Amino acid sequence: AQKVTQAQTEISVVEKEDVTLDCVYETRDTTYYLFWYKQPPSGELVFLIRRNSFDEQNEISGRYSWNFQKSTSSFNFTITASQVVDSAVYFCALSEARDDKIIFGKGTRLHILP
Amino acid sequence: DAMVIQNPRYQVTQFGKPVTLSCSQTLNHNVMYWYQQKSSQAPKLLFHYYDKDFNNEADTPDNFQSRRPNTSFCFLDIRSPGLGDAAMYLCATSRDLGSRRSDTQYFGPGTRLTVL
């Protein structure tokens, strides 16, 4: 069965600090996709990244970076030099290649304090 | 800009009074999804369409129905809303990659439903 665990329910950091959001997943498939979505207070789920299981290269996009490690079944998300606008709930999600659905983790609520 | 649009953003209805939420998309995606998200929870899939092929989740209450008259539009009908149906309703779309596989899901801004 598929499963996504985001152990951190809520995190608070002071602006300009770096913060890492953890995501651990379970799947029996060898082909799968991992996602991160951001949900600001307005409610819209904003797509951040999609990674397939065959690509373990880390990704950097501006202040955002992602560390995918199949050996530990983790897909962690780091925000460097955090800003107040980064305050949101972040969801990690998993989709198996043979399926048409995505399984969300429970989300991590991130507070960036000015 | 190509996008997923949901109307209205906020909907108030009375207990038992039918309500319809709408979703439209300019992405020309043939897969559309409806999710329910309650406070501090992850989105929960209610149903989805591959073109006009409707797929209901096993635990979606009968109270929830959906219509997809064409590629661009999809509606969520709640026949007799209860207090427990108050939630954010999110619409999403994705491309069909064939063999019942879908691509990244792109979400609309959601409709927040209040039931009085």
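Residues numbered from 1 in each chain as written. Chains lettered and ligands numbered in written order. Predicted model: local features only at pLDDT ≥ 70, side-chain atom pairs only at ≥ 80, totals over all residues. Heavy atoms only, no water.

**A closer look at unusual backbone geometry**
Basically, it comes down to this: Secondary structure elements follow DSSP: runs of H or I of four or more residues count as helices, runs of E of two or more count as strands, with numbering from the N terminus.
The peptide bond linking B:Asn7 to B:Pro8 adopts the cis configuration, its omega dihedral lying at -10°. Despite not being glycine, A:Lys16 has its phi angle at roughly 85°, a positive value. Tracing the backbone shows A:Lys16 in the loop between β2 (10-14) and β3 (19-21). A positive phi angle, near 55°, is found at B:Asp51, a position not held by glycine.

**Quick notes on the nonpolar core**
Here is the rule: We call a set of buried residues a nonpolar core when its members are Ala, Val, Leu, Ile, Met, Phe, Trp, Tyr or Cys and they connect through side-chain atoms within 4.5 Å of each other. Note on classification: 1.4 Å probe, protein chains only; a residue is buried when its accessible area is under 20% of the maximum for its type, exposed when over 50%, partly exposed between these limits.
Core analysis: the biggest nonpolar cluster contains 23 residues, and A:Trp36, A:Phe77 and A:Tyr90 have the highest contact counts within it. Ranked by residues supplied to this core, first place goes to strand β10 (residues 88-96) of chain A with four residues.

**Quick notes on the layout of surface pockets**
Heads up, the rule is: Detection works on a 1 Å grid of protein atoms alone, calling trapped sets that fit a 1.4 Å probe cavities and calling open sets with protein on both sides within 12 Å along at least five of seven lines pockets, with lining residues defined by an atom within 4 Å of a point. Grid points are joined across faces, edges and corners, and a volume is the space filled by probe spheres set on the points. Here the term charged refers only to Asp, Glu, Lys and Arg, the term nonpolar to Ala, Val, Leu, Ile, Met, Phe, Trp, Tyr, Cys and Pro, and the term polar to all other amino acids, Gly among them.
Within this model, the largest pocket holds a volume of roughly 540 Å³. Lining of the largest pocket is provided by 26 residues; of these, A:Gln39, A:Val89, A:Arg109, B:Ser39 and B:Ser40 occupy positions nearest its centre. Mapped onto the lining of the largest pocket, the elements with two or more residues apiece are β10 and β12 (108-113) of chain A together with β9 (87-94) of chain B. Of the residues that constitute the lining of the largest pocket, the class distribution is nine nonpolar, twelve polar and five charged. The calculated volume of the second largest pocket comes to roughly 250 Å³.

**Considerations on the sheet that holds strand β1 (residues 4-7) of chain B**
Residues and elements named next belong to chain B. Applied cut-off: One bridge is not enough; two strands pair if DSSP finds at least two bridges between them. Axis angles are defined between N-to-C directions and span 0 to 180 degrees, where every axis is a line fitted to C-alpha atoms and, for a helix, only to the segment in contact.
Spatial ordering of the open sheet is given by β1-β3-β8-β7, a layout of four strands whose pairing is antiparallel. Edge positions in the sheet fall to β1 and β7 (64-67), since each of these pairs with one other strand and no more. In this sheet, adjacent strand axes meet at a mean angle of 20° when their direction is disregarded. Judged from the four bridges that link them, β7 and strand β8 (residues 73-78) form a sheet pairing that is antiparallel. Considered in β8, the bridge of glutamine 65 is made with aspartate 77.

**Focus on the packing of aromatic side chains**
Here is the rule: Any two rings among Phe, Tyr and Trp, with Trp reduced to its six-membered ring, count as a pair given centres within 6.5 Å; such a pair is stacked if its planes are under 30 degrees apart, edge-to-face if over 60, and tilted if neither.
This structure, assessed with the given rule, holds 22 aromatic pairs over all chains. With centroids separated by 6.3 Å and ring planes inclined at 50°, the aromatic side chains of A:Tyr25 and A:Phe68 adopt a geometry described as tilted. In this pair, A:Tyr25 sits in strand β4 (residues 24-26) while A:Phe68 sits in strand β8 (residues 64-69), placing the two residues 43 residues apart along the sequence. The class of A:Tyr25 is buried, set by a relative accessible area of 4%. Relative accessible area serves as the criterion here: at 2%, A:Phe68 is assigned to the buried category. Measuring from centroid to centroid gives 5.1 Å for A:Tyr64 and A:Phe77, while their planes differ by 90°, and the two rings are edge-to-face. With A:Tyr64 in strand β8 and A:Phe77 in strand β9 (residues 74-79), this pair connects stretches of sequence that are 13 residues apart. Accessibility expressed as a relative area gives 15% for A:Tyr64, which makes it buried. In textbook terms, an aromatic cluster arises when at least three aromatic residues are bridged by ring pairs, as seen for A:Phe35, A:Tyr37, A:Phe47, A:Phe91, A:Phe104, B:Tyr33, B:Tyr35, B:Tyr106 and B:Phe107.

**Some points on the state of the cysteines**
Joining two cysteines, a disulfide is a covalent bond between their sulfur atoms. Definition in use: Two cysteine sulfurs form what is called a disulfide whenever their separation falls within 2.5 Å.
Overall, the coordinates contain two disulfides over all chains when judged by the stated rule. A sulfur-sulfur separation of 1.9 Å characterises the disulfide bridge that pairs A:Cys23 with A:Cys92. The chirality of the disulfide connecting A:Cys23 with A:Cys92 is left-handed, given an S-S dihedral of about -65°. You can see A:Cys23 sitting in the loop between β3 and β4 and its partner A:Cys92 sitting in strand β10, a full 69 residues away along the chain. Overall, A:Cys23 belongs to the buried group, its relative accessible area being 0%. Across the disulfide from B:Cys23 sits B:Cys91; the S-S distance is 1.9 Å. Handedness of the B:Cys23-B:Cys91 disulfide follows from its S-S torsion of about -70°: it is left-handed. Placement of B:Cys23 in strand β3 (residues 19-25) and of B:Cys91 in strand β9 is noted, with a sequence separation of 68 residues between them. Like B:Cys23, the residue B:Cys91 is buried in the burial classification.

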